[in-house]
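An overview of the molecular structure
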Amino acid sequence: MPETDTKTSRGRIVSSVLIGWLVMIGFDFLLHGGILAPLYTESHPFLLPPMQAFRLIPLGYLSFLLIAILLVWIMLRLRISGFSEGAIFGLKMGALIWASLTLGLASISTAEPALLIAWFIGQSIEASLAGGVIGVAITVQRLRGLVAKVILFVMGCVLVTLALQWT
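What to know about helix α5 (residues 83–108)
Over its 26 residues, α5 extends 37 Å from the first C-alpha to the last, a length consistent with the 38 Å expected when each residue adds 1.5 Å. Taken residue by residue, α5 has G86, A87, F89, G90, M93, G94, W98, T102 and L105 as its buried positions.

Right, here's the structure in full:
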């Protein structure tokens, strides 16, 4: 197993960030476009109108890039590697980040408790998936197989989301 320290190449670090980010985008599409979609259909003063929110999706996805960068940075520093270690670390970090965010939103907004709880759970799972994928990306010799699995995962998320939209 290659070392996961400061000797990791820049190319591998960038690739790990991008692969982690891609898995986050795929799961997020499923989470918000499929599983949680019914929570967004009702008009609520906390939420933007659907078309305005739709136009701002890239901004939300950019926020996940920052989390992927943070995951890679800390995982390399702590020498966390492999899917299981990475997923557990991602879950812990994700739960802390999203618990903090949802508690903050609960204290200053009109967001529904069900929405905040759903965000906390879903985004924590998302960070866990990213941590697992990043844990593999920073340790494997070749990324080709991992990239193929992540692309299949994203395609699966899109297909399930479409199926949920049609039901």
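Topic: the nonpolar core
Counting residues in hydrophobic clusters, the biggest one holds 27 residues, and the most contacted among them are I19, M24, L71, M75, L146 and V150. Among the elements of the structure, α1 (10–35), α4 (57–78), α5, α6 (113–137) and α7 (144–166) are those that each provide at least two residues to this core. The element best represented in this core is α4, accounting for nine residues. Contact partners of V150, with chain neighbours within four places excluded, come to I19, L22, V23 and V133.

So, the layout of surface pockets
The calculated volume of the largest pocket comes to roughly 1,400 Å³. If you go around the largest pocket, you meet 34 residues; those closest to its centre are H32, Y40, A53, I57 and W119. Sorting the residues of the lining of the largest pocket by element identifies α1, α2 (37–41), α3 (50–55), α4, α5, α6 and α7 as the ones contributing at least two each. Among the elements that line the lining of the largest pocket, the one with the most residues is α4, at seven residues. Taken together, the residues of the lining of the largest pocket sort by class into 22 nonpolar, 10 polar and two charged. The computed volume of the second largest pocket comes to approximately 160 Å³. Elements that contribute at least two residues to the lining of the second largest pocket include exactly α2 and α6.

Section: the side chain of T102
Relative to the elements of secondary structure, T102 occurs in helix α5. With near-sequence residues (within four places) excluded, T102 lies in contact with L116, W119 and F120.

Remarks on the packing of α1 against α7
Relative to each other, α1 and α7 sit at 10 degrees, their axes nearing to 8 Å. By the angle class used here, α1 and α7 are roughly parallel. On α7, the residues that touch I19, L22, V23, G26, F27, F29, L30, G33, G34 and I35 of α1 are L146, V147, V150, I151, F153, V154, C157, V158, V160, T161, L164 and Q165. Within the contact of α1 with α7, the residues separate by chemical class into 17 nonpolar, five polar and no charged.

Here we look at the environment of T8
Checked against the element boundaries, T8 lands in the segment before α1. Each C-alpha atom of the pair T8 and L66 lies 19 Å from the other, and the pair is 58 residues apart in sequence.

Re unusual backbone geometry
With a phi close to 60 degrees, R79 is a non-glycine residue in the positive phi region. Within the fold, R79 resides in the loop between α4 and α5.

Observations regarding the packing of aromatic side chains
For the structure shown, the criterion picks out two aromatic pairs. Seen in terms of ring centroids, F46 and W119 are 6.0 Å apart; in terms of plane orientation they differ by 50 degrees. Their pairing is tilted. Of this pair, F46 sits in the loop between α2 and α3 while W119 sits in helix α6, and the two are 73 residues apart along the sequence.

Definitions and limits used
- Residues numbered from 1 in each chain as written.
- Predicted model: local features only at pLDDT ≥ 70, side-chain atom pairs only at ≥ 80, totals over all residues.
- Heavy atoms only, no water.
- Helix = DSSP H or I, 4+ residues; strand = E, 2+ residues; numbered from the N terminus.
- Expected span 1.5 Å × (residues − 1).
- Buried < 20%, exposed > 50% of the residue type's maximum accessible area, 1.4 Å probe, protein only.
- Core = buried A, V, L, I, M, F, W, Y, C linked by side-chain atoms within 4.5 Å.
- Contact = heavy atoms within 4.5 Å.
- 1 Å grid on protein atoms, 1.4 Å probe; cavity = no way out; pocket = protein on both sides within 12 Å on 5 of 7 lines; lining within 4 Å.
- Points joined across faces, edges and corners; volume = space filled by probe spheres on them.
- Nonpolar A, V, L, I, M, F, W, Y, C, P; charged D, E, K, R; others polar.
- Axes fitted to C-alpha atoms, helices over the stretch in contact; angles between N-to-C directions.
- Parallel < 35°, antiparallel > 145°, perpendicular 65-115°, else oblique.
- Phe/Tyr/Trp six-rings, centres within 6.5 Å; stacked < 30°, edge-to-face > 60°.

Geometry only, nothing functional implied.
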